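# Structure assessment
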Amino acid sequence: WQGDGSALGDLTGVRESPQTAHNAAGSTNPLETRRTEILNWINTHDICFIEAATGMGKSTRIPQFVIDESHSNVVWQLQPRRLAAKRLAQYVADARLRRGNCSREVGY
């Protein structure tokens, strides 16, 4: 949502399992199909809120989209508990390592 009332659109969809979220290029994650649109939205607006169904990859895939676009980009993930933050960081680092990216770019 943007202050002028414009919105990215409905990102709700079928819930994806964590294994599907980081599969090879043939991933069926709905966020993958809207990657360019999401990145354009993020590049156009100072503040973005992305709402989607649980399990779609908001915390795991979208930060990777941003980092993949430019390694100079920095993404801050806020989680309500320390354990959740640590597990999310480990999950994303593992997913990036499986895709051939350096997992040291993810920290907690």
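Owing to the predicted nature of the structure, the values given are computational and were not obtained by experimental measurement. All chains use their own residue numbering, which begins from 1 and follows the written sequence. Local features are withheld for residues below a pLDDT of 70 in this predicted model, meaning they are given only at 70 or higher, and side-chain atom pairs are given and counted only at 80 or more; totals for whole chains, interfaces and linings count all residues. To obtain the side-chain values, all non-hydrogen atoms of the structure were included, while hydrogens and water were left out.

## Description of helix α3 (residues 35-44)
The test is simple: Throughout, exposure labels follow a simple rule: accessible area from a 1.4 Å probe, protein chains only, divided by the maximum for the residue type, with under 20% read as buried, over 50% as exposed, and the rest as partly exposed. In DSSP terms, a helix is any run of H or I states spanning at least four residues, a strand is any run of E spanning at least two, and both are numbered starting from the N terminus. The directions considered for the arc are those from the helix axis to the C-beta atoms. Between two residues, a contact is recorded if the distance between any of their heavy atoms is within 4.5 Å.
Along α3, the positions that sit buried rather than exposed are Ile38, Leu39 and Trp41. Here the buried residues of α3 occupy an arc of 160° about the axis, which is enough to place them on one side. α3 presents Thr36, Asn43 and Thr44 as exposed residues on the side facing more than 90 degrees away from its buried surface. On its buried side, α3 packs onto α2 (30-33) and α4 (61-69).

## Focus on the side chain of Arg96
Operational definition: Side-chain atoms alone can form a polar contact between residues adjacent in sequence; in general such a contact is a pair of N or O atoms within 3.5 Å, and within protein one must be able to donate a hydrogen while the other accepts it.
Turning to its location among the elements, Arg96 is positioned in helix α5 (residues 82-98). At a separation of 3.4 Å, a polar atom in the side chain of Arg96 contacts the side chain of Gln64.

## Thoughts on α5
Definition in use: Given the number of residues in a helix, its expected span is that number minus one, multiplied by 1.5 Å.
An ideal rise of 1.5 Å per residue puts 24 Å on 17 residues; α5 measures up with 24 Å between its terminal C-alpha atoms. All of the buried residues along α5 are Ala85, Leu88, Ala89, Val92, Ala93, Ala95 and Arg96. Take α5 and look down its axis: the buried residues cluster within an arc of 165°, on one side only. Counted as exposed and oriented over 90 degrees from the buried face of α5: Arg87, Leu97 and Arg98. Turning to α5, the residues buried within the fold contact α4. Within two residues after α5, Gly100 carries a phi angle of roughly 90°, on the positive side.

## Some words on the environment of Leu88
With respect to the helices, strands and loops of the structure, Leu88 is situated in helix α5. Here the alpha-carbon distance between Leu88 and Gly107, two residues 19 residues apart in the chain, equals 9.8 Å.

## As for the confidence of the model for the protein
Our working definition: Residue-level confidence of the predictor is summarised by pLDDT, bounded by 0 at the bottom and 100 at the top.
When pLDDT is averaged along the protein, the result is 75; 70% of the residues meet or exceed 70. Taking the mean pLDDT of every element in the protein, the minimum, 43, falls on helix α1 (residues 18-21) and the maximum, 91, on α3. Across residues 13-25, confidence stays below pLDDT 50; counting only partners more than four residues off in sequence or on other chains, it has 23 contacts.

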